[in-house]
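Per-entry structural report
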Amino acid sequence: VHLVESGGGLVQPGGSLRLSCAASGFTFSTYVMGWFRQAPGKEREFVGFISGSSDYTFYANSVKGRFTISRDNAKNTVYLQMNSLKVEDTALYYCAGGGRLSSVRSSYDYWGQGTQVTVSS
């Protein structure tokens, strides 16, 4: 199983980034895909998830209205569109695959290595 995130980088406050996560080694379309993030010195926190068929998404309050998760099951890829970025969004962003609609880390079986997002002027 492999999950590989990409698309991170340095962006100014108010800017946008789109992260991608390419998956392989499992039946992608049957898995809930989540995004988490971890800032230096802080616990890894839930960002949002999307169901296997894309009919349900759920977001943390801190990103609701600014971030959007989508997926392309034909490409085994999940995306995180981040708009109106804030300094406090700076973190290492991880994608994860699991079998339940959940915001809990332990519900996810597969994890990527993360991609760094830095929001700074």
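Here is a short report on the structure shown in this document. (Residues numbered from 1 in each chain as written. Predicted model: local features only at pLDDT ≥ 70, side-chain atom pairs only at ≥ 80, totals over all residues. Heavy atoms only, no water.)

Considering the nonpolar core
Residues M33, W35, F67, V78, L80, M82 and Y93 are the most contacted members of the largest nonpolar core, which totals 34 residues. If you list the elements that add at least two residues to this core, you get β3 (17-24), β4 (32-38), β5 (45-50), β7 (67-72), β8 (77-82), β9 (91-98) and β11 (115-119). If we ignore the near neighbours within four places in the chain, the residues touching F67 are R37, V47, Y59, L80, Q81, M82, N83, L85, D89 and Y93. (Core = buried A, V, L, I, M, F, W, Y, C linked by side-chain atoms within 4.5 Å. Buried < 20%, exposed > 50% of the residue type's maximum accessible area, 1.4 Å probe, protein only. Helix = DSSP H or I, 4+ residues; strand = E, 2+ residues; numbered from the N terminus. Contact = heavy atoms within 4.5 Å.)

With respect to the pairing of β7
The two faces of β7 differ: F67, I69 and R71 on one face are buried, but T68, S70 and D72 on the other face are not. By the bridge criterion, six bridges tie β7 to β8 in an arrangement that is antiparallel. Across the sheet, residue T68 finds its bridge partner in β8, namely Q81. In this structure, the hairpin formed by β7 and β8 is closed by a connection of four residues, where N76 is found at a positive phi of approximately 50 degrees. (Pairing = 2+ DSSP bridges.)

Regarding the pattern of salt bridges
A full pass over the atoms with the stated rule returns three salt bridges. A salt bridge links R37 to E45, with the shortest nitrogen-to-oxygen separation between them at 2.5 Å. For R37, a relative accessible area of 6% gives the class buried. Its relative accessible area of 35% is what places E45 among the partly exposed residues. Among the salt bridges present, the one from R37 reaches D89, with a minimum N-O distance of 2.9 Å. Highlighted residues: R37 in strand β4 and D89 in the loop between β8 and β9, separated in sequence by 52 residues. Both residues of the pair, R37 and D89, belong to the buried class. Via salt bridges that share partners, R37, E45, R66 and D89 belong to a single interconnected network. (Salt bridge = Lys/Arg side-chain N within 4 Å of Asp/Glu carboxyl O.)

Quick notes on the environment of G99
For G99, the position within the fold is in the loop between β9 and β10 (108-111). Using a relative accessible area of 57% as the deciding quantity, one classes G99 as exposed. Separated by 68 residues in sequence, G99 and Y31 have C-alpha atoms that sit 5.4 Å apart. The contacts of G99, once residues within four sequence positions are left out, are Y31, V32, S107 and D109.

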